[in-house]
Amino acid sequence: KREERREKREERRENWREDTRSSRLIRGLEAMGDTVQITTEGGEQFFKHYYSYLDTARQNLKHLYHEASKVVWNGNTLNGKMAVDRFFSDLPASKHEPFSLDCQPIASPVTIPGQEPPDPMILVSVMGFVRYGHLEAKPPPDSKTFCQSFILGKDTASGSYYIVTDNYRFL
């Protein structure tokens, strides 16, 4: 009888452990779902602003970058907000026609037990067509295919996201 009671106690403990693991997993999946939704919505908003600014209001692009931002634009490396602003102001007029957008959360590699995890970074990947030059010319300038990837990070001081890295390449 003593052995039976011990076995039942062990069984109850194991069931409790399993319930606890399951509820932790469910909470984790729910949080991940929220993170994916927030990441997707944030990435889509960024996408709309970025390409609108790039084609029609380049002076606003500098507000999306930070002094620590790094940009590689077809092999040209730029560091910092001012270098990016100068580079974009020298580009000819453009018209971007993105056809693919993907946004993914990038979890922080470091979490401190007992503290809220930091906000995830956001990976934004875009592909599309772009035309540079006098867009009203006859015939219009040839389109090129481009691929652009951003990593967005949250500025702890302002609470807003900015471009950490920006990689642009013609295909």
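Residues numbered from 1 in each chain as written. Predicted model: local features only at pLDDT ≥ 70, side-chain atom pairs only at ≥ 80, totals over all residues. Heavy atoms only, no water.

A. Here's a closer look at the overall build of the protein. Across its full length, the protein holds two helices and six strands. Counting from the amino terminus, the protein carries its helices and strands in the arrangement α-β-β-α-β-β-β-β. Per-residue burial over the protein gives 27% buried out of 171 residues. For the protein, the accessible area works out to roughly 11600 Å², and carbon and sulfur atoms hold 53% of it. (Helix = DSSP H or I, 4+ residues; strand = E, 2+ residues; numbered from the N terminus. Buried < 20%, exposed > 50% of the residue type's maximum accessible area, 1.4 Å probe, protein only. Areas by Shrake-Rupley, 256 points an atom, 1.4 Å probe, with all protein chains shown as cover.)

B. Local environment of unusual backbone geometry. One non-glycine residue with positive phi stands out, namely Asn-74, at about 50 degrees. The residue Asn-74 is located in the loop between strand 1 (65-73) and strand 2 (76-79) in this model.

C. Broad picture of the pattern of salt bridges. With the rule as written, the count across this model stands at one salt bridge. For Glu-97, the salt bridge goes to Arg-131, with nearest N and O atoms at 3.5 Å. Residue Glu-97 is found in strand 3 (residues 94-106), and its partner Arg-131 is found in strand 4 (residues 121-132); the two are separated by 34 residues along the sequence. (Salt bridge = Lys/Arg side-chain N within 4 Å of Asp/Glu carboxyl O.)

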